[in-house]
Amino acid sequence: MPTVLLFAAVLAPVALGYFFGRRWALGAGGRRVPGHFGIFVGLCALLPGLAVLALWLALEERVVTAMAAAALPAGLAGLPAERLALVMNQVANIAAGTVAAQSEAMAAAAAHYRALGGYAQLLMPLAVAAAAAAGFMAGRRMLRADFAARSAVERIVLALFMVCSCAAILTTVGIVLSVLFETLRFFEKVSPAEFLFGLEWSPQTAIRQDQVGASGSFGAVPVFAGTLLITVIAMAVAAPLGLLSAVYLAEYAPRRVRAVAKPLLELLAGIPTVVYGFFAALTVAPLVRDGGAWLGLTAASESALAAGLVMGVMIIPFVSSLSDDVISAVPAALRDGSLGLGATRSETIRRVVLPAALPGIAGSLLLAVSRAIGETMIVVMAAGLAARLTANPLDAVTTVTVQIVTLLTGDQEFDSAKTLAAFALGLLLFLVTLIMNLIALFIVRRYRENYE
Amino acid sequence: MVKAEHNTPTAGDITAANPHMRARGVNVYYGGKQAIFSVSVDIGRNEVLAMIGPSGCGKSTFLRCLNRMNDTIPNCRMDGEVTLDGDDIYGGKLDVVELRARVGMVFQKPNPFPKSIYDNVAYGPRLHGLVQGRAQTDEIVQKSLHRTGLWAEVKDDLGKAATGLSGGQQQRLCIARAIAVSPEVILMDEPCSSLDPIATARIEELIDELRRHYAIVIVTHSMQQAARVSQRTAYFHLGRLIEVGPTPEIFTRPQHELTENYLTGRFG
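Residues numbered from 1 in each chain as written. Chains lettered and ligands numbered in written order. Predicted model: local features only at pLDDT ≥ 70, side-chain atom pairs only at ≥ 80, totals over all residues. Heavy atoms only, no water.

Novice: Explain the overall build of chain A here, please?
Specialist: Of regular secondary structure, chain A possesses 15 helices and two strands. For 452 residues, the compact-globule estimate of 2.2 N^0.38 gives 22 Å, and chain A exceeds it by more than 25% at 32 Å. Counting only C-alpha atoms, chain A reaches 80 × 80 × 40 Å along its principal axes. Taking all 452 residues of chain A together, the buried fraction comes to 39%. Here the contacts in chain A between residues at least 6 apart in sequence split such that 72% fall between residues at least 24 apart. Of the roughly 24,300 Å² of accessible surface on chain A, a fraction of 69% belongs to carbon and sulfur atoms. Side chains of chain A carry 30 positive and 26 negative charges; the gap between the two charge centres is 15 Å. (Helix = DSSP H or I, 4+ residues; strand = E, 2+ residues; numbered from the N terminus. Rg over C-alpha atoms; globule rule 2.2 N^0.38 Å. Buried < 20%, exposed > 50% of the residue type's maximum accessible area, 1.4 Å probe, protein only. Contact = heavy atoms within 4.5 Å. Areas by Shrake-Rupley, 256 points an atom, 1.4 Å probe, with all protein chains shown as cover. Lys, Arg positive; Asp, Glu negative; His and termini not counted. Charge placed at Lys NZ, Arg CZ, Asp CG, Glu CD.)

Novice: Before we go on, may I ask you to explain the domain arrangement of chain A in this structure?
Specialist: You'll often see interface size given as the accessible area lost when the parts meet. When the domains of chain A are assigned, the result is domain 1 (2-160) and domain 2 (217-451). A separation of 49 Å is found between the C-alpha centroids of domain 1 of chain A and domain 2 of chain A. (Domains from an automatic or database assignment.)

Novice: Explain the sheet that holds strand β6 (residues 87-88) of chain B here, please?
Specialist: Strand pairing in a sheet takes place through backbone hydrogen bonds and is either antiparallel or parallel in direction. All names here are of chain B. The four strands lie next to each other as β3-β2-β5-β6, forming an open sheet whose pairing is antiparallel. At either margin of the open sheet sits one strand with a lone partner, and together these are β3 (33-44) and β6. The pairing of strand β2 (residues 19-30) with β3 spans eight bridges and is antiparallel. Note on β3: the bridge partner recorded for Val 26 is Val 39. (Pairing = 2+ DSSP bridges.)

Novice: Explain the interface of chain B and chain A to me, please; I cannot follow it from the model alone.
Specialist: Each partner contributes to the interface: chain B provides 25 residues, whereas chain A provides 20 residues. Here chain B and chain A share an interface that buries about 1,700 Å² over both sides, 62% of which is from carbon and sulfur atoms. Taken together, chain B and chain A are joined by one salt bridge. As a salt-bridge pair, Arg64(B) and Asp336(A) come within 3.8 Å of each other at their nearest N and O atoms. The interface formed by chain B and chain A includes four residue pairs in polar contact (both at pLDDT 80 or more). Put simply, the parts of the chain that give the side of chain B that touches chain A at least two residues each are α2 (96-102), β7 (103-106), α3 (117-127) and α6 (167-179) of chain B. Grouping the constituent residues of the side of chain B that touches chain A by class yields 14 nonpolar, six polar and five charged. (Buried area = accessible area lost by both parts, 1.4 Å probe. Salt bridge = Lys/Arg side-chain N within 4 Å of Asp/Glu carboxyl O. Polar contact = N/O pair within 3.5 Å; in protein donor to acceptor, adjacent residues only side chain to side chain. Nonpolar A, V, L, I, M, F, W, Y, C, P; charged D, E, K, R; others polar.)

Novice: Looking at this structure, I do not really get the sheet that holds β7(B). What am I missing?
Specialist: Residues and elements named next belong to chain B. One open sheet holds the seven strands; their spatial order is β1-β11-β10-β4-β9-β8-β7, and the pairing between them is mixed. The open sheet has two edge strands, β1 (11-12) and β7, and neither has a second partner. Here two bridges tie β1 to strand β11 (residues 240-246), and the two strands are oriented parallel to one another. Paired with Gly 12 across the bridge in β11 is Val 244.

Novice: So what exactly am I meant to see when it comes to α6(B) here?
Specialist: Helical periodicity: at 3.6 residues per turn, an α-helix aligns residues three or four positions apart in one direction. Taking 1.5 Å of rise per residue, 13 residues should cover 18 Å, and α6(B) covers 19 Å from first to last C-alpha, within 8% of that figure. Along α6(B), 12 of the 13 residues are buried, which leaves the element largely enclosed by surrounding structure. (Expected span 1.5 Å × (residues − 1).)

Novice: Which parts of the structure should I look at to understand the packing of helix α3 (residues 81-96) of chain A against helix α4 (residues 104-142) of chain A?
Specialist: Two quantities define a packed helix pair, namely the angle between the helix axes and the distance between the axes. Residue and element names in this part refer to chain A. Put simply, α3 and α4 touch, their axes get as near as 8 Å, and they point 70 degrees apart. By the criterion of interaxial angle, the relationship of α3 to α4 is roughly perpendicular. Between α3 and α4, the residues in contact are Val 87, Met 88, Gln 90, Val 91, Ala 92, Ile 94 and Ala 95 and Met 106, Ala 109, Ala 110, Tyr 113 and Arg 114, respectively. In the contact of α3 with α4, the residues fall into 10 nonpolar, one polar and one charged. (Axes fitted to C-alpha atoms, helices over the stretch in contact; angles between N-to-C directions. Parallel < 35°, antiparallel > 145°, perpendicular 65-115°, else oblique.)

Novice: Would you mind showing me how to read the pattern of salt bridges here?
Specialist: Between side chains of opposite charge, a pair can form as their charged atoms come close. All names here are of chain A. In total, this model carries 27 salt bridges over all chains according to the counting rule given. With a shortest N-O distance of 4.0 Å, Arg 371 and Glu 375 are connected by a salt bridge. By relative accessible area, Arg 371 is classed as partly exposed at 32%. In this structure, the salt-bridge partner of Arg 388 is Asp 395, at a minimum N-O distance of 3.5 Å. Judged by relative accessible area, Arg 388 falls into the partly exposed class, the value being 39%.

Novice: Just checking my understanding: could you explain the environment of Gly363(A) for this structure?
Specialist: All names here are of chain A. Within the secondary structure layout, Gly 363 lies in helix α12 (residues 345-374). In this structure Gly 363 comes out as buried when scored by relative accessible area, which is 7%. In this structure the C-alpha to C-alpha distance between Gly 363 and Ala 440, which are 77 residues apart in sequence, comes to 4.5 Å. Not counting chain neighbours up to four residues away, the residues in contact with Gly 363 comprise Ala 440, Ile 443 and Val 444.

Novice: Explanation requested: a nonpolar patch on the surface in the structure shown.
Specialist: Among the surface-exposed residues, Ile169(A), Val173(A), Leu177(A), Leu180(A), Phe181(A) and Leu184(A) lie close enough to one another that they form a single nonpolar patch of about 520 Å² accessible area. Within the fold, Leu184(A) resides in helix α5 (residues 149-189). (Patch = residues over 30% accessible without salt bridge, like charges linked within 9 Å, V, L, I, M, F, W, Y side chains within 5 Å.)

See below:
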């Protein structure tokens, strides 16, 4: 019932405003489009209503809790802040009926809490309606014969668009900030120099002082080396395969082949990475191990090579599809110009088409690298967990993303260096991919100016 | 006066005194649709042959037959005979790469490669191994740019991107690029259609100078341009070569009714 009331409180003034605005405009001579006046007054009612609603929802619980805490019975008053929070949590649970009250005082507090909540529920639609009504009145007062309703509406809607576009940006900022603060806390325990340049990664912290392995070490170098190794292997697979298939698709493939092959290739990008992960772990990793053994090399049963190979296949579509688009976008006039000078098709591709498309191709490669760096599932399943500083692709290695996953899964205390290390890794990884993306963006933008 | 029937044989004289290329009975088809109907014409040494006619009359298509650029269009098929110095260009004897080096092409829209001015001109000579080392390349680049009158304008900017030049300069660069491989024939497909009158005049002068070294075939929409630059003119209509002859005669005494109608502006 309160929900219905709430909707009514928001929408009724809006509808009223719309019809009032329209009527007013029609009455005032119908010189302009009456709908604009209606929408204007409607928006005037809608926005304050929504703003109050949002504020109310954000603050209600806090205010109710504070009021209930202030009115706690004598036996519970005057507690320190931490205890108080605990007590209020319990009070809320009792009020919701999930826990039974253990004392008279608690029961009384819960009853009070529930009553406050009830008032709030009743007051909310009223407050919203009042705000909407006030907006309506303000909008109504602005109606004059010479009022430019359309441009006012357009300004309001434009502002709404801007707010929407800010949502994604604000989320990004929020993510960065939350990671940043945890990282700062991590750096209070471990020095940045050790983190950035330390060569050993074994993120343990002791629970008891005398525990074995009590001293953890947080050198991120082996972890990033693992990421680098796997990314290099993946790109060694994806770059040639992706580029050659892009050249084939864009330049040589008959139209019918292209129509079938391109969507099929893009289908690769749609396979969930966890599926790639078990393909890597169950099929490719044993193959690599057996192949290594057959050649007389010792290969771990989980190896960087297995994970890198499968990841390379996974990012082929990023390279091939984007590069294909870029190559196809090279103007036909350039091809004709080269062919007209007596160049063969392959000379034309090598000397004119690919150089012209190079910035776009570089962009697609960098995008694929970003993808490979950030990829988690395949490496978790196929590359192992040992943080080893090695360049041998047959060894098990670990990557930044894998370490973040292992540090943050399971029960964790959020003030140990071990857990906080995950945020530091995350921030550094974010910075690396951000730089890659910026470079890619810069290159692609330069490429766009090329044919103007 | 020949009546306006479409399948009459070409009026006028299709032969040139000193032919460099000859086309005989050329038909071109796009898929099932025939675009060129039995066109025969000679291209003489050191002369400019202008091809005029209303849009879609097949003059560009025919032009592209002369260096086999139509090969790059899927579904495009031709029959008939085209010879260069007596060799059938569609026979096995002449490789298409060699043909295009000997019969160069300049396109409707200037299409410099996104490279430096220098590399644009040096592209063809390097490709065909005409130059060894920097000195020879420098020489051929300078010579080609000189011949197109571009040298004075760009000699200090050879390393700059060719795409930064003005439209007229770009088109002259494309001509320089074409003559850098020392072709025998140059095909020009409406080379001035995207240029302003001053740049157009510059190109027309250039065409007249180039005639001393090359045979030139130019497709144009402008009858004035055909009159100004060409020695012989061919009039195309709906895929047929209606009339061909010395330019002054075509413009003053057309033999075919369709030619006369076009020249007097009754259509086209």
